[in-house]
Amino acid sequence: MARKRVDLDRRTVLKGAAAGAAATIFAPNIVAAQSKVIRIGMPTILSGRVAQLGTSSRNAIQMEVEKINAAGGLAGRQIEMVIRDSKGQPQEAARVSRELVNSDGCEILLDAEASSGSFAVQEVAKDLGVLVMHTNSETSSLTADPKIRIPLAFRSCRQGIHDAVVSGAYAAEIAKAKKINRWGTCSPDYAYGRDNTQLFVEYLKHFYPQAEVTMEAWPKLFQPDYTEVITRVLQSKPQALYSALWGGDLTSWVDQANIYALFSQMEVFAINMADYTVLTAVKNLPKGIHSATRYIKTYPNTKANAEWGDAYRARFKEYPTNWSWENWVGIHFIAEASKKANSADGKKIAEAMRGLKIDCPFGADGTVTMRADDQTVIGYAIGWGTTISGEPYVPEVTGAKWDTILQLEAEWKKRNNYT
Amino acid sequence: MNLVALTECLTSASCLVTQTTSGLIIGMLLFLVAAGLTLIFGVLKVVNFTHGSFYMLGAYLALTVNGLTNSYFLAVLAAAIGVALVALVFERFFMSKVYGSNVLMQLLVCYAFILIMDDAVKIIWGPEFKSMGMAAAFQKPPLFIAGGIVPVFYLFLIIVTLIISVVLWLIITRTRFGTVVRAAAVNPSMVSALGINTGLVFSGVFMLGGMLAGLAGGLAAPVRSLTAGMGFSILIESFIVTVIGGMGSIAGALLGSIMIGLVRSFGSIGFPLFVEGLMFLLMAIILILKPSGLLGKEG
Amino acid sequence: MLTARPNLARDILIAAVALALLLLLPYVWPNKMINDLVIRVSAFALFATSLNLLVGYTGMVSFGHGMFFGFGAYAFGLSMQRLGVSIPTAFLITVLSSALLGLVVGAISIRLKDIYFSFITLAFQMLLYSTVIAWVPLTGGDQGLMGGIPRPPFLGVDLSIEAHRYAFAVTVMVAGLLILRQIVESPFGYTLRMIRDNTERASFLGINVFRAKLTAFVIAGVFGAIGGMVMALFVSGAYPEFVNWTMSGEGIFMIMLGGLSTFIGPAAGALILSVLNDVITRGTEHHGLFLGAVILLFALGLRKGVTDFIADWLRLNREAGSRGGN
């Protein structure tokens, strides 16, 4: 019944079964604060080109909040999600977050914004002193840089530096075996694309010093036509190409590069390829593209992971995304920390969350840990493999070694004076 | 900035050929969208900001029809006809109501439509991006022409665009409709004094313009990812093209498209991080030197 | 005609009453969402009213006014972050640098007429936008200015306190509108109207049209930048969206919704668009559909801005009343 109301009102409000149904929709904050309900505000992107970030995050949260509420919610208080669209604009993300806390009575923020929005939400959380869980922003500095980091902010998703170490190590193995020395890069020209690519090159060279980058192409985000970029790549004939393009941009690029037969001329490493949205959208998926895992049912190859993927697919008639599992991690960390602290208070949850280890279908060893010193998640499953054109899309995945990641991350932090 | 790479490319035959062809390819697709935009402006003196949405709609219609019939040809046809009809409805019931008012009122109506169309596409086709896939006929290795690489599909697009340009030129210069359109562009009250229904002419031009945008969307669909809001960047670029070439001049649109295509393809070598800025710089310079555009008539 | 001569005392009185009401609002209606809304509307009201100095009063349809809003936000944010100056100094830097920007862009653009003026202002805005995106070390690129803008106290005002921030924003807005009001009601303001209605006649009467237009462009730019500064203070950052052409578009919609033939129209439009946006995004994720429908209703139903509509209605009533009296 609660779900029906959601659809009727076209409001992205999820309710716990115990919540007073009529009261909460129009309720002023006082009611929410006194009742047994705890509201969690979720600013995300539900419109425009990256609407899928929001919808797939919301789906995962919807599934998990139901489970958490059935198990008693946060210290006996049922969770009610209030989900709003920021349209992908940082200033709207800031406004929406303030509103969620100030007038909707949300006591915790689950920030499912892309990276630029997450910094805006971080500012609001700092201002208002609420607990915030960043679930989608992979930009390393958000939690690594002590100037930006705040005590009440956590991150439950993959982090750029981890991704780079894993990718560099994997690409270096291939490069060593096939003597690939001349590399090209083709990544979107914005913060994520630049940071990701620069770090990848750094770690590629770390593991395989003979590698050198002979060409770089920087298409714009959401560029419709990649022709000039593709011909440039073909002109300079690198032996391998690395790309941090993602989502719809990556599909366009693959479609366009395909008719130039680019994939038969070099090894292609597209870090964001192995996400179902891309894998299933591309009609003529070339074989043998190297990609890191984003969300894939076959890795980690466990029953828990496969079951979760199937349940998601059965319910929403689509595959989960990268963002779906990252939000799973976010909401479960809040729930487990609340259980440990036996409180729904943001500060107490934060205290309990530092260093907490929880069971997780997406953990490399079945668990993930919220590292205490920089409040970001580690131990999640990540690896690389090559694509085939149908299920299971990435049959073999080489998993990453977390001790290598952590060691190189520590050195990276030192170099950047982040310690 | 990387002037060394740019000089290297300009002195290497294969790089020159490849980048020039890629500039032409970019330009040709741009031209199809820009031609409709400039046609509508030339006759109706209306800046049709919904043109990008027409392009988007064309791509989505093609996707659906392609999925149903598995025929690229039918998909493109459906895109052209479907969007022409939508353009007709839009012109008759909305745009024609604000012809007399100032440009800002027209902008407002267009903006409302852009918002509505983007959401409608999201509701009908879903929020996730789509890809149409390449027809089997074009899944062939690219050709090598004078050291440059040209995919078969793009060769096809260039030929189709050229045919469309010629047909368009014939319609404008050789048919009665074209004569009336040209006359209406210069003096609409004279045309209506001659007993010709200008409202009908305007609708016809708007339909033709919309059809071109739909056609472009359908033709390009196999190499684009389809999302709500995809018309946006194409709108901006076709604006630059029409302004550079001269608002209202179809030949100018062709010239402008090729220029922008070349700026993109060579700019991405010399100024990889400022390609967009280069296009606007070019637009500003041309506006300063010749406000009516390269081939536009002095207003 | 009562308004033929500027009525400074009356304007100051109205401004003082409006300011007093706005300052009292948080005590009468202590709602943080309303406070936030008022701050944002203050920024947009300055932005839209300054744009209307060009569009409504001078007949110069700028498609690039967002350039100043964004420039103001970045100039202010960067002065605070990089130079570590006080807020009044950063304010002064913002005003002076945006005046300079207005002078340069205006001197080039004003020579162009009609739609070509619109397009060249758009081109300049997009050049600035591309620069902001590409100059990552200075501007943070697409991420915007991160890490927050410091808000050191000055003259007993501490903008890190919400109540102070609110009072500061509404004071700047009311003062800014009061100054703009004096400008449009001054002889210079009437010169601009004359240029709008008949440029040839104006230049025939010995008015230096270029200089008058340029002055209007610079003034509009400065107040647009002040609007951007208020916004930067509120969100504690500056984002490329502020410089993007969508910002200029929103300014135009505010004017159109509020009405461009009354002084207060654009400010009213800023309020209407902000409230519409907030209400619709709260209620539905298909806000494009709803916002689009509402705008269509305005454009095709009302056919003018809200305040234009009210002003016309009042005039009609008055005329009907006086006719009835006779």
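Preceding this paragraph is the structure being described.
Numbering of residues begins from 1 in every chain and follows the order in which that chain's sequence is written. Starting at A for chains and at 1 for ligands, labels are handed out in the order in which the entities are written. Owing to the predicted nature of the model, reporting of local features is limited to residues with pLDDT of at least 70; listing and counting of side-chain atom pairs is limited to 80 or more, with chain, interface and lining totals taken over all residues. Each side-chain value is worked out from all heavy atoms of the structure, with water and hydrogens disregarded.

Draft legend 1. Just the state of the cysteines, in detail. A pair of cysteine sulfur atoms is labelled a disulfide when the two atoms are within 2.5 Å. Enumeration according to the criterion identifies 1 disulfide over all chains in this entry. Disulfide pairing is shown between Cys 9 of chain B and Cys 15 of chain B; the S-S distance is 2.0 Å. Residues Cys 9 of chain B and Cys 15 of chain B are joined through a disulfide that is left-handed, its torsion about the S-S bond being -95°. With a relative accessible area of 4%, Cys 9 of chain B lands in the buried category. The structure places no disulfide on Cys 360 of chain A, whose sulfur is separated from the nearest cysteine sulfur, that of Cys 157 of chain A, by 13 Å. Relative accessibility under 20% of the residue-type maximum defines a buried residue, over 50% an exposed one, and the middle range a partly exposed one, all with a 1.4 Å probe and only protein chains included.

Draft legend 2. Here's a closer look at the packing of helix α6 (residues 152-174) of chain B against helix α9 (residues 198-220) of chain B. Residues and elements named next belong to chain B. Relative orientation of the contacting elements α6 and α9 amounts to 170°, with a least axis distance of 12 Å. Between α6 and α9, the angle falls in the class roughly antiparallel. When α6 is examined against α9, the residues Phe 153, Phe 156, Leu 157, Val 160, Ile 164 and Leu 168 are found in contact with a partner set consisting of Leu 208, Leu 212, Leu 215 and Leu 219. Charged residues are taken to be Asp, Glu, Lys and Arg, nonpolar residues to be Ala, Val, Leu, Ile, Met, Phe, Trp, Tyr, Cys and Pro, and polar residues to be all remaining types, Gly included. Looking at the contact of α6 with α9 residue by residue, the class counts come to 10 nonpolar, no polar and no charged. Here the axes come from fitting lines to C-alpha atoms, over the contacting stretch only for helices, and the angles between their N-to-C directions go from 0 to 180 degrees. Secondary structure elements follow DSSP: runs of H or I no shorter than four residues count as helices, runs of E no shorter than two count as strands, and numbering proceeds from the N terminus. Orientation is classified from the angle alone, with under 35 degrees giving roughly parallel, over 145 giving roughly antiparallel, 65 to 115 giving roughly perpendicular, and any other angle giving oblique. Pairs of residues are marked as contacts when any of their non-hydrogen atoms sit within 4.5 Å.

Draft legend 3. Representation of the nonpolar core within the structure. Residues belong to one nonpolar core when they are buried, are Ala, Val, Leu, Ile, Met, Phe, Trp, Tyr or Cys, and are joined through side-chain atoms within 4.5 Å. Grouped together as the largest cluster of nonpolar side chains are 349 residues, with contacts concentrated most on Leu 74, Trp 183, Trp 253, Leu 262, Met 273 and Phe 333 of chain A together with Phe 119 of chain C. Looking at this core, the element that brings in the most residues is helix α10 (residues 209-235) of chain C, giving 18 residues. Note: domain ranges come from an automatic or database domain assignment. Looking at which domains feed residues into this core, each of domain 1 (2-159 + 302-374) and domain 2 (161-300 + 381-415) of chain A supplies at least three. Beyond its immediate chain neighbours, meaning those up to four positions away, Trp 253 of chain A contacts Cys 186, Tyr 226, Ile 230, Leu 241, Leu 245, Leu 262, Phe 263 and Val 268 of chain A. Counting 6 residues, the second-largest nonpolar core is a separate cluster that includes Leu 6, Cys 9, Cys 15 and Ile 269 of chain B.

Draft legend 4. Spatial organisation of the pattern of salt bridges. Salt bridges are defined by distance alone: a side-chain nitrogen of Lys or Arg within 4 Å of a carboxyl oxygen of Asp or Glu. Summed over the entire model, instances satisfying the criterion amount to 49 salt bridges over all chains. Across the pair Lys 303 of chain A and Glu 307 of chain A runs a salt bridge, and its minimum N-O distance is 3.5 Å. Here Lys 303 of chain A and its partner Glu 307 of chain A are both found in helix α13 (residues 303-316), 4 residues apart, which amounts to about one turn of the helix. Classification of Glu 307 of chain A by relative accessible area gives partly exposed; the value is 46%. Between Lys 122 of chain B and Asp 119 of chain B there is a salt bridge, with its nearest N and O atoms 3.9 Å apart. In this pair, Lys 122 of chain B and Asp 119 of chain B both sit in helix α5 (residues 103-125), 3 residues apart, roughly one turn of the helix. Side by side, Lys 122 of chain B and Asp 119 of chain B carry an identical accessibility label, which is buried.

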